[in-house]
Amino acid sequence: MDIKNSIKLFVETLKERPHMLLLGNPDFNTYKVFLDGFLLGLESAYDTRIMLDMTFWFQRKLKIEAKYHWTDMIPIYYKGKTDDELIVILLQTLSDYVEEKL
């Protein structure tokens, strides 16, 4: 399976069956840490810099400059959103990146 399909399947599973991958009642930070670990694994497996590329892409998309990883920027940029809303934004951002860049 290639990197694009790996991410698509991962996002689909997190959206439709999150408890297959996450225990309890996961909040935004749980999703963020799990997603970061998944992407680090893909970086090693596919010899890519997807996390850095996503961060630059996210900054350009929102027309912001920051010294934070893209997943750390979401709760800052979307301040006032609930955890559930931030999770949707997190997963949608990853999906958008996959469709636009991979």
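### Brief notes about a negative patch on the surface
Here comes step 1: Taken together, the side chains of Asp27, Asp83, Asp84 and Glu85 present a region of like negative charge at the surface.
Here comes step 2: With respect to the helices and strands, aspartate 83 occurs in helix α5 (residues 83-101).
Here comes step 3: Taking relative accessible area as the criterion, aspartate 83 reaches 36% and is therefore assigned partly exposed.

### Describing the packing of aromatic side chains
Here comes step 1: Applying the stated criterion across every chain, the model contains 5 aromatic pairs.
Here comes step 2: Between phenylalanine 10 and phenylalanine 34, the aromatic rings sit 5.8 Å apart at their centres with planes inclined by 20 degrees, giving stacked as the arrangement. Residue phenylalanine 10 is located in helix α1 (residues 3-16), and its partner phenylalanine 34 is located in helix α2 (residues 28-46); the two are separated by 24 residues in the primary sequence.
Here comes step 3: Taking relative accessible area as the criterion, phenylalanine 10 reaches 7% and is therefore assigned buried.
Here comes step 4: Judged by centre distance (4.9 Å) and plane angle (80 degrees), the ring pair of tyrosine 77 and tyrosine 78 falls under edge-to-face.

### Describing the nonpolar core
Here comes step 1: Counting 28 residues, the largest nonpolar core has Ile7, Leu39, Ile50, Trp70, Ile74 and Leu94 as the members making the most contacts within it.
Here comes step 2: Of all the elements in the fold, those that place two or more residues in this core are α1, α2, α3 (50-62), α4 (70-77) and α5.
Here comes step 3: Broken down by element, the residue count for this core peaks at 8 residues, all from α5.
Here comes step 4: If we skip the residues at most four places from it in the chain, isoleucine 7 touches Phe38, Leu39, Leu42, Ile50, Leu94, Val98 and Leu102.

About the thresholds
- Residues numbered from 1 in each chain as written.
- Predicted model: local features only at pLDDT ≥ 70, side-chain atom pairs only at ≥ 80, totals over all residues.
- Heavy atoms only, no water.
- Patch = residues over 30% accessible without salt bridge, like charges linked within 9 Å, V, L, I, M, F, W, Y side chains within 5 Å.
- Areas by Shrake-Rupley, 256 points an atom, 1.4 Å probe, with all protein chains shown as cover.
- Salt bridge = Lys/Arg side-chain N within 4 Å of Asp/Glu carboxyl O.
- Lys, Arg positive; Asp, Glu negative; His and termini not counted.
- Charge placed at Lys NZ, Arg CZ, Asp CG, Glu CD.
- Helix = DSSP H or I, 4+ residues; strand = E, 2+ residues; numbered from the N terminus.
- Buried < 20%, exposed > 50% of the residue type's maximum accessible area, 1.4 Å probe, protein only.
- Phe/Tyr/Trp six-rings, centres within 6.5 Å; stacked < 30°, edge-to-face > 60°.
- Core = buried A, V, L, I, M, F, W, Y, C linked by side-chain atoms within 4.5 Å.
- Contact = heavy atoms within 4.5 Å.

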